[in-house]
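Each chain, written out:
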Amino acid sequence: MARLRIGVLVSGRGSNLQALIDSTKAGKLDAEIALVISDVADAFALERTRTEGIPGRYVDPGPRRSRLSEDAEAEIITTLDEARVDLVALAGFMRILSPAFVRHFKGRMLNIHPSLLPSFPGLHVQQQALDYGVKFSGCTVHFVDEGVDSGPIIIQAAVPVLDGDTEETLAARILREEHRIYTEAIKLFGEGRLKIEGRRVTVLP
Ligand code: GRF
């Protein structure tokens, strides 16, 4: 199979993007970050693309806070298709995508979320975990479906919640695992080893 071409959607700091870039550079992931798209003009993730010499592009999200405008979605779809991406990786992308967008990339769009789904979907996830009092949290890589943080789960990693944790300390512990499992999940995808049956994803040998 030809080298996997990945389009990454970001809104912020881009540490997961950086982890993917580093994995490709280290040969841990046989893939190319073909394009990075941000809905935030001054996202640090775009700065990273400049440093790394990767095509990065800002798309004006339109007036709504949690969703993109139709124009923005159309522009992103066209841009990703023109870049011939095999996979779309959401990496700290903070908007909910429309059902039409999700259908366009069905079975080839992944997200990383900093909790053990289905616990704590949505926002302020580490604080939700602390407030609930769980003893373990973690992160999840899943296929994107038309719900929020609800698609079939590929890999999860658990981390302990420690006495004295703050949102920041817990987030940092989870982030280290995010960086590891996003590469791992994309590697399996690129090897054609993920089989989706209903909600269950199995890893083919
Ligand atoms: C990560 O915790 C990711 O799971 C969540 O948003 C955060 C983005 O961090 N969806 P970064 O921009 O990749 O550093």
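Residues numbered from 1 in each chain as written. Predicted model: local features only at pLDDT ≥ 70, side-chain atom pairs only at ≥ 80, totals over all residues. Heavy atoms only, no water.

Draft legend 1. Representation of the side chain of Thr 49 in the model. Counting through the fold element by element, Thr 49 comes out in helix α2 (residues 44-52). Apart from the residues within four sequence positions on either side, Thr 49 is in contact with Leu 17, Val 36, Ile 54 and Gly 56. (Helix = DSSP H or I, 4+ residues; strand = E, 2+ residues; numbered from the N terminus. Contact = heavy atoms within 4.5 Å.)

Draft legend 2. Representation of the side chain of Asp 39 in the model. Within the secondary structure layout, Asp 39 lies in the loop between β2 (31-38) and α2. Note on Asp 39: relative accessible area 6%, which makes it buried. Within polar-contact distance, the side chain of Asp 39 engages the side chain of Ser 11 at 2.7 Å. (Buried < 20%, exposed > 50% of the residue type's maximum accessible area, 1.4 Å probe, protein only. Polar contact = N/O pair within 3.5 Å; in protein donor to acceptor, adjacent residues only side chain to side chain.)

Draft legend 3. Spotlight on the site of the ligand. Around the ligand lies a shell formed by Arg 13, Gly 14, Ser 15, Asn 16, Gly 92, Ile 112, His 113, Pro 114 and Glu 178. With respect to the ligand, the backbone of Gly 14 contributes an N or O atom lying 2.8 Å from an oxygen atom. Contact between the ligand and Ser 15: an oxygen atom at 2.6 Å from a side-chain N or O atom of the residue. In a pocket analysis with a 2 Å cut-off to the grid points, the ligand is assigned to the largest pocket. Elements represented by at least two residues in the shell around the ligand include exactly α1 (15-25) and β5 (109-113). Residues belonging to the shell around the ligand are distributed by class as follows: two nonpolar, five polar and two charged. (Near = heavy atom within 4 Å. 1 Å grid on protein atoms, 1.4 Å probe; cavity = no way out; pocket = protein on both sides within 12 Å on 5 of 7 lines; lining within 4 Å. Sits in = over half its atoms within 2 Å of the grid points. Nonpolar A, V, L, I, M, F, W, Y, C, P; charged D, E, K, R; others polar.)

Draft legend 4. Representation of the packing of aromatic side chains. One pass over the full model with this rule turns up two aromatic pairs. Between Phe 101 and Phe 105 the ring centres are 5.3 Å apart and the planes differ by 50 degrees, which places this aromatic pair in the tilted class. (Phe/Tyr/Trp six-rings, centres within 6.5 Å; stacked < 30°, edge-to-face > 60°.)

Draft legend 5. A look at the pattern of salt bridges. All told, the structure shown has twelve salt bridges when counted by the stated rule. Its salt-bridge partner being Asp 30, residue Arg 3 comes within 3.1 Å of it at the nearest N-O pair. Of this pair, Arg 3 sits in the segment before β1 (4-10) while Asp 30 sits in the loop between α1 and β2; the two residues are 27 residues apart in sequence, bridging distant segments of the chain. Residue Arg 3 is classed as partly exposed on the basis of its relative accessible area, which comes to 42%. A residue is classified by how much of its surface remains accessible, and Asp 30, at 58% relative accessible area, is exposed. In this structure, Arg 193 and Glu 191 form a salt bridge, with 2.9 Å as the shortest nitrogen-oxygen distance. Each of Lys 187, Glu 191 and Arg 193 takes part in one network of salt bridges that share partners. (Salt bridge = Lys/Arg side-chain N within 4 Å of Asp/Glu carboxyl O.)

Draft legend 6. Looking closely at the packing of α1 against helix α6 (residues 167-190). The interhelical angle for the contact between α1 and α6, taken along N-to-C directions, is 50 degrees, at an axis separation of 9 Å. By the criterion of interaxial angle, the relationship of α1 to α6 is oblique. Here α1 runs over α6; the crossing is right-handed. In this structure, α1 uses Ser 15, Asn 16, Ala 19, Leu 20 and Ser 23 to contact α6, whose residues at the interface are Leu 175, Glu 178, His 179, Tyr 182, Thr 183 and Ile 186. For the contact of α1 with α6, the class distribution of residues is five nonpolar, five polar and one charged. (Axes fitted to C-alpha atoms, helices over the stretch in contact; angles between N-to-C directions. Parallel < 35°, antiparallel > 145°, perpendicular 65-115°, else oblique. Left-handed = near helix turned anticlockwise from the far one by under 90°.)

Draft legend 7. Representation of the nonpolar core. Grouped together as the largest cluster of nonpolar side chains are 39 residues, with contacts concentrated most on Ile 6, Val 8, Ile 33, Ile 154, Tyr 182 and Ile 186. For this core, the element with the highest residue contribution is α6, accounting for eight residues. In contact with Val 8, not counting residues within four places along its chain, are Leu 17, Ile 33, Leu 35, Val 36, Ile 37, Ala 89 and Ala 91. Leu 80, Ala 83, Val 88 and Val 144 belong to the second largest nonpolar core, which has 21 residues in total. (Core = buried A, V, L, I, M, F, W, Y, C linked by side-chain atoms within 4.5 Å.)

Draft legend 8. View of α1. With nine of eleven residues buried, α1 is to be regarded as a mostly interior element. Of the positions making up α1, those classed as buried are Ser 15, Asn 16, Leu 17, Gln 18, Ala 19, Leu 20, Ile 21, Ser 23 and Thr 24. Looking at the residues trailing α1, positive phi occurs at Gly 27, about 80 degrees.

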